[in-house]
Amino acid sequence: MDLKAALESFGHEQVTVCRDSSAGYVGIIAVHSTVLGPAVGGTRVWSYGSFDDAMTDALRLSRGMTYKNALAGLPFGGGKAVLLGPAPASPGGQAAFFRAHGRFVERMGGMFITAEDVGTSPRDLEFVEEETRFVAGLARGMGDPSPFTALGVRRAMEAVAVEAWGSEDLAGRTVAIQGLGNVGGNLAAELHELGARLVVCDTNPERVAGAVTLYGAEPVSVDAILDVEADVFAPCALGGVLDDDAVDRLRVAAVCGGANNQLLRPEHGERLRERGIRYVPDYVANAGGVISGSVDIAGWDLERMNDALDHIFFTVREVFALASNLGVGTHTAADRMAEARLAAVQSRLGGGAEA
Ligand code: NAI
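Residues numbered from 1 in each chain as written. Predicted model: local features only at pLDDT ≥ 70, side-chain atom pairs only at ≥ 80, totals over all residues. Heavy atoms only, no water.

(A) The overall build of the protein chain, seen in detail. The helix and strand tally for the protein chain stands at 13 helices and 11 strands. Radius of gyration (C-alpha) of the protein chain: 20 Å, near the 20 Å computed for a compact globule of 355 residues. Expressed as a percentage of its 355 residues, the buried residues of the protein chain come to 52%. Here the contacts in the protein chain between residues at least 6 apart in sequence split such that 64% fall between residues at least 24 apart. On the protein chain, roughly 14700 Å² of surface is accessible, and the fraction owed to carbon and sulfur atoms is 50%. Between the mean site of the 30 positive side-chain charges and the mean site of the 46 negative ones, the protein chain shows a separation of 3 Å. (Helix = DSSP H or I, 4+ residues; strand = E, 2+ residues; numbered from the N terminus. Rg over C-alpha atoms; globule rule 2.2 N^0.38 Å. Buried < 20%, exposed > 50% of the residue type's maximum accessible area, 1.4 Å probe, protein only. Contact = heavy atoms within 4.5 Å. Areas by Shrake-Rupley, 256 points an atom, 1.4 Å probe, with all protein chains shown as cover. Lys, Arg positive; Asp, Glu negative; His and termini not counted. Charge placed at Lys NZ, Arg CZ, Asp CG, Glu CD.)

Printed below as a string of C-alpha cells:
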C-alpha cells in the first residue's frame, strides 16, 4: 500500500501503528478528523489476511465515523482502532493485550476516545479502561449502545415511511429483518410494539424462535430473506449485503437497517435508486449507538441525547430532499451533507486539520 497516497485520498489527520511485543499486540489507531471534536470510534479486533487489509479497514472505518458523527450532530470527530487478531485466548493474555491497547489510547491524550466494536466485549473494554480515561460505553455509564441504535433505526424507518407512503405510521407494514442480534433483536421489539408485521432470519435458530414466540414473526431462511415481498428490508447483520445479487432480488419499497457498510460498493446505492428502492444510508440510520455515547463522553443529559436520537428522523428527511434536488442517490447526498457540515466548521475555525 502507498500509505501517503492512501492518507491523502481518505483525508486522515493521523494514523498511529502501535506495537507491544510482550502483549502480542499490534494495533492501528486511525484519527480521520478532529474538526468537530475528539475522534470517537470503536476498537475492532479482527484476523486480517494482511497488514494492508487491516490498514484499509482502519482508514475506511475511521472516515465513516467522521461522517456518522457529523450527520448525527455530535461534537465528535471520527476515528477507529483496529487490532490485529485474534486476541490471546487465555485470561492473562487477553488482559495484557487490551491493557496494552489502553496505554496507547491514553498516550493520545484524548484525541481518540474508544468504545466496543466487532470482536470486543464489555470485559475487554474494562481492561482498556485500567490504562486510560478515554473509553465510553462501559456498564457503569450508558452501557450497551444497541437499544439506542435500534431506536434510531426505528426513527429512520419512520422517516422513510413518510417518503414512501406519506405517513410515518408503521402499523401494518411488513419489515424483513436480517439478523436478530443486539440491534436486530431490539428493533424487532420496537417494530412489534408499533404494530408492524415481521419476517425474520438469523443464522442462530434460537434467536429466530424467540422472535416467532414473542412477536409472531414469520421465520424464513437466511438465503430467502432477500426474496421476501415486504415494505422494508432491514439489514441488521452483515456489511456488504447490498451487492449485485441482493439489489436485483429485493422486493421492497425501502431499505433501512442497523448494519454498517451495507452497500458493497457505492454503485449499489445507484442501482437501488434506479430500481426505485429508497435506501436510508446506514450511517444515518445506525447513529443511535454513538449518540448514546454523548452522555459519557460529552456530558450530555438524557433529554439532549433523546433529542439527537429523534433528530435522525429529520436528518433522513433532509437526505432524501437533497438527493432528489441533486438527482443523486441518498448515499451520495448524505456524504455531501456531512462534508458540508465539516467544511462549515472548518472555515469558522480558519482552516486547521484536513477533513
Ligand atoms: P450481533 O452480533 O449482536 O448481531 C448480529 C446477528 O446477525 C447475530 O444474531 C447473528 O447470528 C446474525 N447473523 C450473522 N450472519 C447472518 C446472516 N448471514 N444472516 C442472518 N443473520 C446473520 O451484532 P449487532 O451489535 O446487533 O450489530 C449488527 C450490525 O449493526 C453490525 O453490522 C454492526 O456493525 C452494526 N452496528 C451495531 C451497533 C450497535 O449498537 N450494536 C451500532 C452501529 C452499527
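Still to come is the rest of the account.
(B) Representation of the site of the ligand. The environment of the ligand is made up of 22 residues, and the closest members are T149, N182, V183, D202 and R207. With respect to the ligand, the side chain of S146 contributes an N or O atom lying 3.2 Å from a nitrogen atom. Look at the ligand: alone it shows 830 Å² of surface, and the protein chains cover 76% of it. Tallied by class, residues from the shell around the ligand come to nine nonpolar, 10 polar and three charged. (Near = heavy atom within 4 Å. Polar contact = N/O pair within 3.5 Å; in protein donor to acceptor, adjacent residues only side chain to side chain. Nonpolar A, V, L, I, M, F, W, Y, C, P; charged D, E, K, R; others polar.)

(C) Representation of the packing of aromatic side chains within the structure. Going through the model one piece at a time under the given rule, you end up with five aromatic pairs. On the basis of an interplanar angle of 70° and a centroid distance of 5.6 Å, the ring pair of Y25 and F97 is categorised as edge-to-face. Linking Y25 in strand 2 (residues 25-33) with F97 in helix 3 (residues 91-107), this pair joins segments that are 72 residues apart in sequence. For Y25, a relative accessible area of 1% gives the class buried. Of the residues examined, F97 reaches a relative accessible area of 0% and is grouped as buried. Centroid distance Y67 to Y283: 6.3 Å. Interplanar angle 90°. Geometry classified as edge-to-face. With Y67 in helix 2 (residues 51-71) and Y283 in helix 10 (residues 282-285), this pair connects stretches of sequence that are 216 residues apart. Each member of the pair, Y67 as well as Y283, carries the same accessibility label: buried. One aromatic cluster is present, built from ring pairs that chain together Y25, F97, F98 and F104. The ring of W165 is capped by R173, whose NZ or CZ atom sits 4.0 Å from the centre of that ring. (Phe/Tyr/Trp six-rings, centres within 6.5 Å; stacked < 30°, edge-to-face > 60°. Lys NZ or Arg CZ within 6 Å of the ring centre and 35° of its normal.)

(D) Expanded view of the environment of V328. Within the secondary structure, V328 sits in the loop between helix 12 (302-326) and helix 13 (330-349). The exposure class of V328 is buried, given its relative accessible area of 14%. Through-space distance from the C-alpha of V328 to that of D227 is 26 Å; in sequence the pair is 101 residues apart. In this structure V328 touches R273, A323, A333 and R336, once residues within four positions along its chain are discounted.

(E) How the structure looks around the environment of V284. Looking at the element boundaries, V284 is found in helix 10. We classify V284 as buried; its relative accessible area is 4%.

(F) Inspection of the sheet that holds strand 4 (residues 77-84) at higher detail. Read across the open sheet, the five strands follow the order 1-2-4-3-5; overall the sheet is mixed. Edge positions in the sheet fall to strand 1 (14-20) and strand 5 (112-115), since each of these pairs with one other strand and no more. Across the sheet, the mean angle from the axis of one strand to that of its neighbour is 25°, orientation sign disregarded. In terms of strand pairing, strand 3 (residues 39-46) meets strand 5 through four bridges, oriented parallel. Residue pairing across strands places G41 opposite T114, the latter belonging to strand 5. Docked against the sheet, helix 2 engages strand 1, strand 2, strand 3 and strand 4, running at close to 155° with respect to strand 4. (Pairing = 2+ DSSP bridges. Axes fitted to C-alpha atoms, helices over the stretch in contact; angles between N-to-C directions.)

(G) Quick peek at the nonpolar core. Among the nonpolar cores identified, the biggest contains 88 residues, and M157, V175, I177, L191 and I291 are the most heavily contacted of them. Once residues within four sequence positions are removed from consideration, I177 is found in contact with G184, A188, L191, L198, V199, V200, C201, I225, A234 and C236. Core analysis: the next-biggest nonpolar cluster, separate from the first, contains 19 residues, C201, L226, V247 and V252 among them. (Core = buried A, V, L, I, M, F, W, Y, C linked by side-chain atoms within 4.5 Å.)

(H) Local environment of the sheet that holds strand 8 (residues 218-219). If you trace the six strands from one edge of the open sheet to the other, you get 8-7-6-9-10-11, paired in parallel fashion. Edge positions in the open sheet fall to strand 8 and strand 11 (278-279), since each of these has one partner strand only. Pairing of strand 10 (residues 254-255) with strand 11 involves two bridges; the strand directions are parallel. Opposite V255, over in strand 11, you have Y279 as the bridge partner. Together, strand 6 (174-178), strand 7 (197-201) and strand 9 (232-235) form the strand contacts of helix 6 (residues 182-193), whose direction differs from that of strand 6 by roughly 170°.

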